Amino acid sequence: MAQAILNTMHCPFCQNSDTKVVDTRISDDGHSIRRRRECPKCSKRFTTLETTMLLVVKRSGNVEQFDRNKVISGVRKACQGRPIKEDDLKALGQQVEEDLRARGLAQVKSDEVGKAILKPLRDLDEVAYMRFASVYQNFENLGDFQNAINELKADALQ
Ligand SMILES: [Zn+2]
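Everything numeric in this text was worked out from a predicted model, so none of it was measured.

Asker: Lay out the sheet that holds strand β4 (residues 55-57) with the relevant residues and their values.
Answerer: Here we have three strands laid out as an open sheet, ordered β5-β4-β6, and mixed in their pairing. Looking at strand neighbours, the two that pair on one side only are β5 (63-65) and β6 (107-109), the edges of this open sheet. Between one strand axis and the next, the sheet turns by 30° as a mean value, whatever way the strands run. In this structure, β4 lies alongside β6, joined through three bridges in parallel fashion. By the bridge assignment for β6, L55 is matched with Q107.

Asker: Mind laying out the packing of helix α2 (residues 68-78) against helix α3 (residues 86-102), listing which residues take part and the relevant values?
Answerer: For the pair α2 and α3, the least separation of the axes is 9 Å and the interaxial angle reads 130°. Relative to α3, the element α2 is oriented oblique. Once α2 is placed against α3, the crossing between them reads as right-handed. In this structure, α2 uses R68, V71, I72, V75 and R76 to contact α3, whose residues at the interface are E86, L89, K90, L92, G93, Q94, V96 and E97. Taken together, the residues of the contact of α2 with α3 break down into six nonpolar, two polar and five charged.

Analysis parameters
For every chain, the first residue of the written sequence is number 1, and numbering continues from 1 along that sequence. Residues qualify for local features only when their pLDDT is at least 70, as the model is predicted, and side-chain atom pairs are given and counted only at 80 or more; totals for whole chains, interfaces and linings, by contrast, use all residues. Hydrogen atoms and water are omitted, and side-chain values are computed over all heavy atoms in the structure. Strands are treated as partners if at least two bridges between them are detected by DSSP. Each helix is a run of DSSP H or I of at least 4 residues and each strand a run of E of at least 2, with the numbering of both proceeding from the N terminus. Each axis is a line fitted through C-alpha atoms, and for a helix only the stretch in contact is used; angles between axes span 0 to 180 degrees, taken between their N-to-C directions. The scheme is simple: roughly parallel for angles under 35 degrees, roughly antiparallel for over 145, roughly perpendicular for 65 to 115, oblique for anything else. Helix crossings fall into two classes, left-handed where the near helix is turned counterclockwise from the far one by less than a right angle and right-handed where it is turned clockwise. Residue contacts are defined here by distance: any two heavy atoms, one from each residue, within 4.5 Å place the two residues in contact. The nonpolar class holds Ala, Val, Leu, Ile, Met, Phe, Trp, Tyr, Cys and Pro. Asp, Glu, Lys and Arg form the charged class, and all remaining residues, Gly among them, are polar.

So, to be careful, I would describe these as geometric facts and stop short of saying anything about function.
This is the structure in structure tokens:
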């Protein structure tokens, strides 16, 4: 019966093909969804584990699986010397992943990942945000920095 539990379609107890989802949880690493299901025929409950795919299309055209840890390590570099806790980085990584997954797409462009990072990072720390944005948006001169600073200031006044 262990094999039947892996099969998301059939009840492992009575083999009924129609099951109802009673609870859904995304794992901490975001790579799998655990669903608690109930069989409407025999009323027994069981759990299924489903892997969810979120692919990132890089500028080079290469495709790789989304990795929250890569987001976190990229942001961590921008946060060096800033008063940002490891928990803040984890929360940011989770926020970015949830944002991307909420779009319901199987794949996103790496640009979209960068954009999804900018907003929560800005809320977290403006200096780290400027560092990250300067790399991600290819700032080339002081004018680019000045424009980004002006945007931050304009938003702060609102
Ligand atoms: Zn059943």
